[in-house]
Amino acid sequence: MKTLFNYCQYELRRILHDEGTLIFMLLVPLGYPILYTFIYTDEVVRQVPAVAVNLSDSSMGREFLRQVDASPDVDIILETGSMDEAKKMLRAQEAYGIIYLPGDFNKRLQRGEQAHVSLFCDMSGLLYYKALAVTCTDVSLKMNGNIRLQMMPGLTVRQEEVTSLPVKYESIAAFNPQTGFASFLIPAVLVLIIQQTLLLGTGLLAGTDRDRGLFPYRESTVRMWGKGLACLLLYLPTSAYMLIVVPHLFHLPQLAHASTLALFMVPYLLACLFLALTMEVFIPNREASMLVFVCTSVPLLFLSGISWPGSDIPMGWKLFSYLYPSTFGINGFVRINTMGASLADVQTEFIALWIQAITYYTTAWGVRKYGNYLLHRSA
Amino acid sequence: MRLIVHTARRECQRMIHDPIYLVCILCPAIACYLLFTSLMSDGLPVKLPAGMVDRDGSSMSRNITRALDAYQYTDIVGHYPTAHKAFETMRQGRIYGFYYLPEGMEADALDGRQPTVSFYLNYAYLIAGSLLYKDMRTMAELTDASVAEAQLSARGTEEWQVKPVLQPIAIDTHPLDNPWLNYSVYLNNTLLPGVLLLTVMLVTVYSIGTEMKYRTAGQWLQQNGGRIIPALAGKLLPQTLLFSLMAMLYVSVLYGYLHFPLNGGLLPMMSASILAVSATQAFGVFLFCLFPWMRMAMSAASLWGVLSFSISGFSFPAMAMNPALQALNHLFPLRHYFLIYAGSALNGAPFSDVLPSFLALTIFLLLPLLFLKRLKRKLLTYVYME
């Protein structure tokens, strides 16, 4: 017991005196969430610049453009009669869309025919397209209701209302009500940071040992536990900060019950920790851990199914993603934090994480046993 | 020149000797090429699981269910008796949204009592939620229109007149150069170079740092008569070559194999990707000079590289970011590469329009020149510290 605490103390001191581990195990967990939230702080794209090409000199056409311009998402920066000029602005990325009203726009409406508005979008960012398409559709639907009424004169007010809208509909954003980018992405990033920094940090420690001619796979089990305990002591407060304080600080959705979250994070931290303690024995030198682990962050984020829907990930990649605690951790945390899920709702993830924790404990313990066995045999 | 070739040969031997080089140059990039292109091979996620709460049970509500299920993005995987039950299923992560048809909907609609249908979407999964929204809203519009159509016919409106009356103004959207709204086009054009440039930065710092670490820096410089320029050029060139090959690999995959839009011609993209590789190498050297120790330079390279994915603005647009960040993103080679791609490959802009981004990447190349003296002194005098 005493040796366990001695080892733990030793490792803690090592982590706190080493700039590399300090950066990854303290600075990144504390700083990155703030940086990321700052990047996505506006949550949605507002005032996407667009050019209007208005060939229809009519009040109806002007009304359409006025309503589009008045919407929060689109800003008409120029109205012109020349399509070439508009295209030039799109190419120079001064505008991200062209709204084109043809010359016969008003004439067709007057004749009771369908008039067309063409929308050309720059596709370098899907959010521009979304803002432009949704705004134009909304404005057209609103105007359509009114135009419909003018075509059928002689109705009472109530009849008018019913004809313009026989069935009403409402769309409810069940979770992440402002459909924000930060609210959607940050929770996933927070959970991923825990796993990645643990891998990097322990990898650095192990690499340092290797540089000194020590072999982590020849450590005793007690020493491994000491190291694990040190990491846990460090990560309990930082995890609490990342998963509770950060969402609160930046007004992200936060529907988690404290006890559910705490219970769920136990297997996640353990699974990450033992995965890290397994992987570290393969790190040949100090700097290699960065070469090996940094590149996995972006793919793992995609494989978690948070941005690219999990239902559309090919089976092979899905199985691969099950090797990483982050896959289950991200999904579980997002549902607990953003959607207020109970532990029963995230049962699958909870059990999977426990299986991973036990499996990776066995492998971390196993490689050390095997390393010691080889050492004794050769001695 | 002879010196450069000589050093390059030495570097090749180092690369063969230490397998971590080749592994790190080849593996992450190729694995990510495979992962991201196969992950998004559909272009868009299709048939997303959704639920239906049909409280009406009329022929109209059954028609709606059938029609919705046939839509591109929607797959009705379950029927639930109450909204509460559907919510619970959503929380378990099994559906991304559900459609709610109230009791007496059909009767109310035909009698003009304006029933309300609702749809609930889970934007915690933003892409899935947005795509389902598209289908569900179209469905609601059509339901509305089909009832109105019945009412109009009852009033004796001729069939050819119905469409303009229902929808006097129609919007035709033309997503330029990505007409299928292909997510693969939109993400992979920046993700693949992003992963490559991340490894470029790390490997550059690593390869210079290990010269110090294993105390071979003296020999490396001596071989070049103590001149830092041929030493650096000879060392980095073999890596430039390998990384450029990797860059050509993704260029061929994206534009040759997958036929992604390439309106400005192949040449700008090829030169942009090679220039971006060299610019990132230069930036790596710069980081190395900036920090006293190798591991700090490595850490900085890691953090910088990972950050470039977010700050380059290909998923969340730069224009919506804080002005400080919009200024900061000029310091990321990936940002300039992204601008060249969006301008040239996607929008077919002439070379003059993307020239500023090419120039910016060239400025990165000049960055290490400012620090050559410092670098040399550092290589000769500093001892590796953990």
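Residue numbering note: each chain is counted from 1, following its sequence as written. Chains and ligands are labelled by the order in which they are written, letters from A for the one and numbers from 1 for the other. Reporting in this predicted model follows two pLDDT cut-offs: at least 70 for local features of residues, and 80 or more for side-chain atom pairs to be given and counted; totals over whole chains, interfaces and linings ignore these cut-offs and use all residues. The side-chain values count all of the structure's non-hydrogen atoms but skip hydrogen atoms and water molecules.

Novice: Is there a simple way to think about the overall build of chain B in this case?
Specialist: Starting at the N terminus, helices and strands are each numbered in turn, a helix being any DSSP run of H or I of at least four residues and a strand any DSSP run of E of at least two. Along the backbone of chain B there are 16 helices and five strands. In terms of overall dimensions, chain B is more spread out than a globule: its C-alpha atoms have a radius of gyration of 29 Å, far above the 21 Å expected for 386 residues. Projecting the C-alpha coordinates of chain B onto the three principal axes gives extents of approximately 95 × 45 × 40 Å. Exposure categories follow from relative accessible area, calculated using a 1.4 Å probe and restricted to protein chains: below 20% of the type maximum is buried, above 50% is exposed, and the middle band is partly exposed. Residues classed as buried in chain B amount to 60% of the 386 residues present. Across chain B, every contact between residues at least 6 apart in sequence was considered, and the portion connecting residues at least 24 apart equals 76%. Computed by Shrake-Rupley with a 1.4 Å probe, the accessible areas treat only the displayed protein chains as cover when residues are assessed. Roughly 15,000 Å² of accessible area belongs to chain B as shown, and the carbon and sulfur atoms make up 63% of that amount. Between the averaged position of the 27 positive side-chain charges in chain B and that of its 23 negative side-chain charges there is a distance of 25 Å. Based on C-alpha atoms, the radius of gyration is set beside the globule rule, defined as 2.2 Å times the residue count to the power 0.38. We call two residues in contact when some of their heavy atoms are within 4.5 Å. Positive charges come from Lys and Arg alone, negative charges from Asp and Glu alone, with His and the N- and C-terminal ends not counted. Where a charge sits is defined by one atom per residue type, namely NZ (Lys), CZ (Arg), CG (Asp) or CD (Glu).

Novice: Could you clarify how one ought to interpret the nonpolar core in this entry?
Specialist: Side chains of nonpolar character tend, in soluble globular proteins, to be buried together. Core analysis: the largest hydrophobic core is formed by 241 residues, its most contacted members being A:F64, A:I99, B:F36, B:Y99, B:L196, B:Y341 and B:L379. The biggest single contributor to this core is helix α8 (residues 183-213) of chain B, with 18 residues. Residues A:V51, A:V53, A:L90 and A:A95 belong to the second largest nonpolar core, which totals eight residues. Among buried residues, the Ala, Val, Leu, Ile, Met, Phe, Trp, Tyr and Cys ones that are joined through side-chain atoms within 4.5 Å form a nonpolar core.

Novice: When you look at the interface of chain A and chain B in this model, what are you seeing that I'm missing?
Specialist: It is common to report an interface's size as the accessible area lost on association of the parts. Taken together, the contact between chain A and chain B spans 116 residues of the former and 118 residues of the latter. Defined in terms of a 1.4 Å probe, buried area is the accessible area two parts forfeit on being brought together, summed over both. Between chain A and chain B lies a buried interface of about 10,400 Å² when both sides are counted; carbon and sulfur atoms form 66% of it. Per-residue buried area on chain A facing chain B is highest for A:Y169, A:L291 and A:W308; these three make up 7% of the total on that side. Whenever Lys or Arg places a side-chain nitrogen within 4 Å of a carboxyl oxygen from Asp or Glu, that contact is recorded as a salt bridge. One can count five salt bridges joining chain A with chain B. Put simply, B:K213 and A:D211 hold a salt bridge, and the shortest N to O gap is 2.6 Å. Pairs of N or O atoms are called polar contacts if they sit within 3.5 Å, as long as, within protein, a hydrogen donor faces a hydrogen acceptor (for residues adjacent in sequence, only side-chain-to-side-chain pairs). At the boundary of chain A and chain B, one finds 21 residue pairs in polar contact (both at pLDDT 80 or more). Ranked by the residues each element gives to the side of chain A that touches chain B, the list is headed by helix α6 (residues 126-151) of chain A, at 16 residues. In terms of residue class, the side of chain A that touches chain B is made up of 67 nonpolar, 27 polar and 22 charged. Three residue categories are used. Nonpolar comprises Ala, Val, Leu, Ile, Met, Phe, Trp, Tyr, Cys and Pro, charged comprises Asp, Glu, Lys and Arg, and polar comprises the others, including Gly.

Novice: Would you mind showing me how to read the confidence of the model for chain B here?
Specialist: The predicted structure's coordinates, where accompanied by low pLDDT, should not be read in detail. All names here are of chain B. In the predicted model, chain B carries a mean pLDDT of 84, and 92% of its residues have values of at least 70. Looking at any residue, its pLDDT shows the predictor's confidence there, from 0 to 100. Element-level mean pLDDT values for chain B span from 58 in helix α7 (residues 159-166) up to 92 in helix α11 (residues 266-290). As scored by the predictor, the complex reaches a pTM of 0.87 and an ipTM of 0.86.

Novice: Whenever I open this one, the side chain of B:Q281 confuses me. Can you help?
Specialist: All names here are of chain B. Relative to the elements of secondary structure, Q281 occurs in helix α11. A polar atom in the side chain of Q281 sits 3.4 Å from the backbone oxygen of L236. Apart from the residues within four sequence positions on either side, Q281 is in contact with V200, T204, L236, Q239 and T240.

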